[in-house]
Amino acid sequence: MNKYTQYKAEVAGTGMHVPKKVLTNFDLEKTLDTSDEWIRTRTGIRERRIAGEGESSSTLAAQAGNQALNSAGVAPEEVDLIIVCTSTPDILFPSTACFVQKEIGAVNAAAYDISAVCSGFVFGLSIAEQYLKSGRYRYVLVIGSETNSRIVDWTDRSTCILFGDGAGAALLKRTESAGSGGLLSSHIYSDGGKSDLIIVPGGIGKTGVSCKSVEAGDYFIKMLGNATFKVAVKRMVEVSQEALEFNGFTHKDVDLVVPHQANRRIMDVVTEKLGIPADRIFINIDKYGNTSAASIPIALHEAWGEGRIAPGNLVLLPVIGAGLTWGAALIRW
Ligand code: UT7
């Protein structure tokens, strides 16, 4: 616990929801000049989930959020704040979080979205941390939810093979109890100078929506994959080391790394550089691909459900995303 604050923030429950529809690498082979072998060896992905009719970031988020509340045994009316981390909001406004609030019946909660792309969940945790540690709120629901399939260019093999849809949630609780558990710290950074590495260039406020930009494919994800790969490794290692040092730990103290699932090779290199053995990384990119802001909370939920996280474990969550944005959170479970 930070010695300057009276309260701490703990994870009280987690949840996830993914669409039923599975799109395998073999399915992609039928429409793209790619192969299961290339995708698996370069990314670690075997399949991803795709939102169907009637599914959107808010519907996925509401299901994940409900599950987090149920697992914590907390009623929706008790939630003070809902933060939805998404770069694929249902519509421009109102926020996706407002739709989630309505759907789950969190009638007493304020609700808003944040946009930090793949880093969204760790950025969301850092916001929740401030509200809870200051004593302002008791329960904050942080949800990462994405329908990336709606903004990928299905003819661009360098991006469309990577992304998937889904939602993950964590209910954060303020606690006054003594002890060393909870969200120990979060560390977040941005570098707008590298905004061209991953971008959806289509304008809203800048140019207005135009047929010209739709036809030009400006509302699809564009990514300089190789350059992003290099900076992702550097920043995730740096910020992980910062989080550990800030709390007086070393890599040897980490029980499990639950990284952003961007690419299996990135996760392997980051943990290798940190000196953390491969059996202490949680990986589920094979099943879901890169679900952007949803990837860490989905992985956290599965890691806990599979017994990979036990009470007292030290869990490190490193992330990188468009912006560029990056960060890490450290949790004593
Ligand atoms: O979540 C936010 C952060 N995002 C990331 O961190 C993504 C980071 N980047 C990556 O994960 C990787 O850079 C990719 C998976 C996107 C690409 O892997 P790479 O090893 O960096 O490949 P590359 O871009 O250097 O391309 C190597 C070759 C190229 O062919 P040539 O020019 O060598 O003939 C590509 O055209 O692989 C080709 N290629 C493909 N081949 C088969 C690119 N995509 C595919 C594909 N199937 N899907």
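Scroll up for the structure.
Residues numbered from 1 in each chain as written. Predicted model: local features only at pLDDT ≥ 70, side-chain atom pairs only at ≥ 80, totals over all residues. Heavy atoms only, no water.

Draft legend 1. Representation of the sheet that holds strand β12 (residues 314-321) within the structure. Pairing is mixed across the open sheet formed by 4 strands, whose spatial order is β8-β13-β12-β11. Looking at the sheet topology across the chains shown, the edges are occupied by β8 (182-190) and β11 (256-257). When β11 meets β12, the two strands line up parallel, connected through 2 bridges. Bridge pairing in β12 links Leu256 to Val315. The strands touched by helix α11 (residues 295-305) are β11 and β12; relative to β12, the strand with the most contacts, the crossing angle is about 155°. (Pairing = 2+ DSSP bridges. Helix = DSSP H or I, 4+ residues; strand = E, 2+ residues; numbered from the N terminus. Contact = heavy atoms within 4.5 Å. Axes fitted to C-alpha atoms, helices over the stretch in contact; angles between N-to-C directions.)

Draft legend 2. Region of the structure containing the environment of Thr147. Counting through the fold element by element, Thr147 comes out in strand β6 (residues 139-147). Thr147 gets classed as buried once you look at its relative accessible area, which sits at 5%. Sequence spacing of Thr147 and Ile104 is 43 residues, and the spatial spacing of their C-alpha atoms is 19 Å. Ignoring anything within four residues of it in the chain, the contact list for Thr147 reads Ala51, Ser56, Ser57, Leu60, Thr88 and Asp165. Among the polar contacts listed, one links the side chain of Thr147 to the side chain of Ser57, at a separation of 3.1 Å. (Buried < 20%, exposed > 50% of the residue type's maximum accessible area, 1.4 Å probe, protein only. Polar contact = N/O pair within 3.5 Å; in protein donor to acceptor, adjacent residues only side chain to side chain.)

Draft legend 3. Summary view of helix α4 (residues 96-104). Along α4, the residues that are buried comprise Thr96, Ala97, Val100, Gln101 and Ile104. Projected down its long axis, α4 carries its buried residues within an arc of 140°, all on one side. Opposite its buried face, α4 presents the exposed residues Lys102 and Glu103, each directed more than 90 degrees away. Buried residues in α4 make contact with α3 (57-72), β4 (81-85), β5 (110-114) and β6. (Arc of directions from axis to C-beta.)

Draft legend 4. Summary view of the side chain of Ser186. Counting through the fold element by element, Ser186 comes out in strand β8. What makes Ser186 buried here is its relative accessible area of 16%. Within the structure, the side chain of Ser186 is placed 2.3 Å from the side chain of Glu129, a separation counted as a polar contact. Apart from residues no more than four positions distant in its own chain, Ser186 is found in contact with Ser126, Glu129, Ala328 and Ala329.

Note that every value here comes from positions in space, so none of it alone points to a role or purpose.
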